[in-house]
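What follows is the residue order along each chain.
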Amino acid sequence: IPFLLSDDLMTITKNLALLEKETIQDTQQLNHHDDLQEAVRLLQKAQVIDVYGVLDHVLLAKHFKTLMMYIGKDVQVIDQVTGQKRSACLADESHCAIIISYSGHAPHIKHLIETLRKKQTSIIAITNLEDNELSLLADVTLRMSSRELIYTKIADFASSLSLKYILDILYSCIFSIHYQQNLDNCIQIAKELDNTQHEEFM
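Residues numbered from 1 in each chain as written. Predicted model: local features only at pLDDT ≥ 70, side-chain atom pairs only at ≥ 80, totals over all residues. Heavy atoms only, no water.

Some details on the overall build of the chain
At step 1: Across its full length, the chain carries 8 helices and 5 strands.
At step 2: When the helices and strands of the chain are read in sequence order from the N terminus, they spell out α-α-β-α-β-α-β-α-β-α-β-α-α.
At step 3: The C-alpha radius of gyration computed for the chain amounts to 18 Å, which stays within 12% of the reference 17 Å derived for 202 residues, consistent with globular compactness.
At step 4: Counting only C-alpha atoms, the chain reaches 50 × 50 × 35 Å along its principal axes.
At step 5: Looking at the chain as a whole, 40% of its 202 residues qualify as buried.
At step 6: Within the chain, contacts between residues separated by at least 24 positions form 70% of all contacts whose residues are at least 6 apart in sequence.
At step 7: When the accessible surface of the chain is totalled, it reaches about 11800 Å², and 56% of it is carbon and sulfur.
At step 8: Looking at charge distribution, the chain has the averaged site of its 18 positive side-chain charges lying 5 Å from that of its 27 negative ones. (Helix = DSSP H or I, 4+ residues; strand = E, 2+ residues; numbered from the N terminus. Rg over C-alpha atoms; globule rule 2.2 N^0.38 Å. Buried < 20%, exposed > 50% of the residue type's maximum accessible area, 1.4 Å probe, protein only. Contact = heavy atoms within 4.5 Å. Areas by Shrake-Rupley, 256 points an atom, 1.4 Å probe, with all protein chains shown as cover. Lys, Arg positive; Asp, Glu negative; His and termini not counted. Charge placed at Lys NZ, Arg CZ, Asp CG, Glu CD.)

This is the structure in structure tokens:
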């Protein structure tokens, strides 16, 4: 809870800025080189990346999907429990699954992981810093900043920012593998989109 009933506008502004700065620093310190390197390796190798998440995590995952699309990576965002079960059944060793769960104990996670394991699908967990069902069963685990208590928060300030930072890191590291090619592609796509939008208003 980064602000109180008695806080004025500028105090709220200052507190949120401090929270965001500390959240980024926390997340950076929680995630080590070898784990990030392995996550990037699994994503780079995969032909299809399936992102499993719920609620606000899905919106951030869709932004990640858009970024990855520009560099030629096929990302699917699966946000319904029934859809997740079906997608897990359709996965295989050419897929890599990113499972996002702050608690790591969501009821459907164990079945989801068991199905992905049978399909020989690599699993990247994004969860809090405590060991949980998800982190213990994943191939590699990336950690979100744990500055929120699930039942006493007023919004997902820290966890959402932390997740976005992790997804941005993964995108940036994959982008850097073929930096010039990806940069050229992004510039070309931006030009084509700009021309298309200009023609629509003509």
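A look at the pairing of strand β4 (residues 122-127)
At step 1: Burial within β4 is extensive, with 6 of its 6 residues counted as buried.
At step 2: Across 5 bridges, the pairing between strand β3 (residues 95-100) and β4 is parallel. The residue bridging I100 from the neighbouring strand is I126, located in β4.
At step 3: Following the backbone out of β3, through helix α5 (residues 109-118) and into the adjacent parallel β4, one traces a crossover that is right-handed.
At step 4: Pairing analysis gives 4 bridges linking β4 to strand β5 (residues 140-143), with the strands arranged parallel. Bridge pairing in β5 links A125 to T141. (Pairing = 2+ DSSP bridges. Right-handed = clockwise from strand over helix to strand, strands pointing away.)

Description of the side chain of N31
At step 1: Within the secondary structure layout, N31 lies in the loop between α1 (9-30) and α2 (33-45).
At step 2: We classify N31 as buried; its relative accessible area is 10%.
At step 3: Within the structure, N31 has its side chain in polar contact with the backbone oxygen of T27 (distance 2.8 Å).
At step 4: Within the structure, N31 has its side chain in polar contact with the backbone nitrogen of R143 (distance 2.7 Å).
At step 5: With sequence-adjacent residues up to four places away left out, N31 is seen in contact with L36, L142, R143 and I166. (Polar contact = N/O pair within 3.5 Å; in protein donor to acceptor, adjacent residues only side chain to side chain.)

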